[in-house]
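# Survey of secondary and tertiary structure
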Amino acid sequence: MEGLSDAGQRPQTVDTVFSSETPPVADRATTGPRPKTLEQRTAVQMAIIGGLLVFLALFAIAMRYRAAGPVSEGEAPTFTLQTFDGGQVSLAEHRGHVVVVNFWASWCPPCRDEAPYLEKVWRRYKDRGVVFIGVDYMDTEREARAYIREFDITYPNGPDLGSKISQAYRIRGVPETFFVDKQGKVAEMFIGPLDEPHLVNSIETLLRR
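Cut-offs and rules
Residues numbered from 1 in each chain as written. Predicted model: local features only at pLDDT ≥ 70, side-chain atom pairs only at ≥ 80, totals over all residues. Heavy atoms only, no water. Helix = DSSP H or I, 4+ residues; strand = E, 2+ residues; numbered from the N terminus. Buried < 20%, exposed > 50% of the residue type's maximum accessible area, 1.4 Å probe, protein only. Contact = heavy atoms within 4.5 Å. Core = buried A, V, L, I, M, F, W, Y, C linked by side-chain atoms within 4.5 Å. Pairing = 2+ DSSP bridges. Axes fitted to C-alpha atoms, helices over the stretch in contact; angles between N-to-C directions.

### A word on the environment of Gly184
- Turning to its location among the elements, Gly184 is positioned in the loop between β6 (176–180) and β7 (186–191).
- The exposure class assigned to Gly184 is buried, which follows from its relative accessible area of 8%.
- Sequence spacing of Gly184 and Thr78 is 106 residues, and the spatial spacing of their C-alpha atoms is 8.8 Å.
- Leaving out residues up to four positions away in the same chain, Gly184 has contacts with Glu75, Ala76 and Arg95.

Below, the structure written as structure tokens:
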């Protein structure tokens, strides 16, 4: 019969095509991203808590640092400064001398007010056992060198690399000046621009000790 020969091959049904070519829904679900395990979630939470604790500790140290204020007495923090002229100066090597440590910056208007007095008094006392050291704070080398040329500054000056010296002295800004006696102790700390009478009086007092 012609009908039987035409039906010699049975066409695939929809169910047959689906089952042979399409993976079950359950299998497809297992190929997606797996949810984090309890251990992974715990590790993430611990990392966040640890970072927060570190931040809080650093914040507390910074607040204590600011509350303490600049060094105003006791042993002067020692340091070695690389100067702009390629040399270096160390506070420790000047034990037995009166030392004036001045923190300044070229962008600081009050620093410009006191710069002529600092240089004038330095030239007056440099042969009497008095040492001036300028510490350039948060500045660019180009601007700092221009500042030194502008005021014809001849006493040693150098950049506070990494702000290590300013941190040791706990300064809050510029200008700030520390008078160190012959025993290496901070005898006076002054915030703001100095005038000539103040400089002379402080130095004379320390020279008489």
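### Section: the nonpolar core
- Core analysis: the largest hydrophobic core is formed by 47 residues, its most contacted members being Phe103, Phe132, Tyr169 and Ile203.
- For Tyr169, the residues in contact, after removing those within four places along its chain, are Pro70, Val71, Ala76, Pro77, Phe79, Leu91, Phe103 and Phe178.

### Things to note about unusual backbone geometry
- For the peptide bond that leads from Val174 to Pro175, omega is 0°, which places it in the cis range.
- The residue Pro175 is located in the loop between α7 (164–169) and β6 in this model.
- The backbone phi angle of Met138 is positive, close to 50°, even though this residue is not glycine.
- Within the secondary structure, Met138 is located in the loop between β4 (130–136) and α6 (141–150).

### Details of the sheet that holds β7
- On the basis of which strands lie adjacent, the open sheet formed by five strands has the order β5-β4-β3-β6-β7 and mixed pairing. Every other strand in the sheet has two partners, leaving β5 (157–159) and β7 as the edge strands with one partner each. Taken over all neighbouring pairs, the strand axes of this sheet differ in orientation by 20° on average, direction set aside.
- Along the sheet, helix α5 (residues 109–125) contacts β3 (98–104), β4 and β6; its crossing angle with β4, the most-contacted strand, is approximately 155°.

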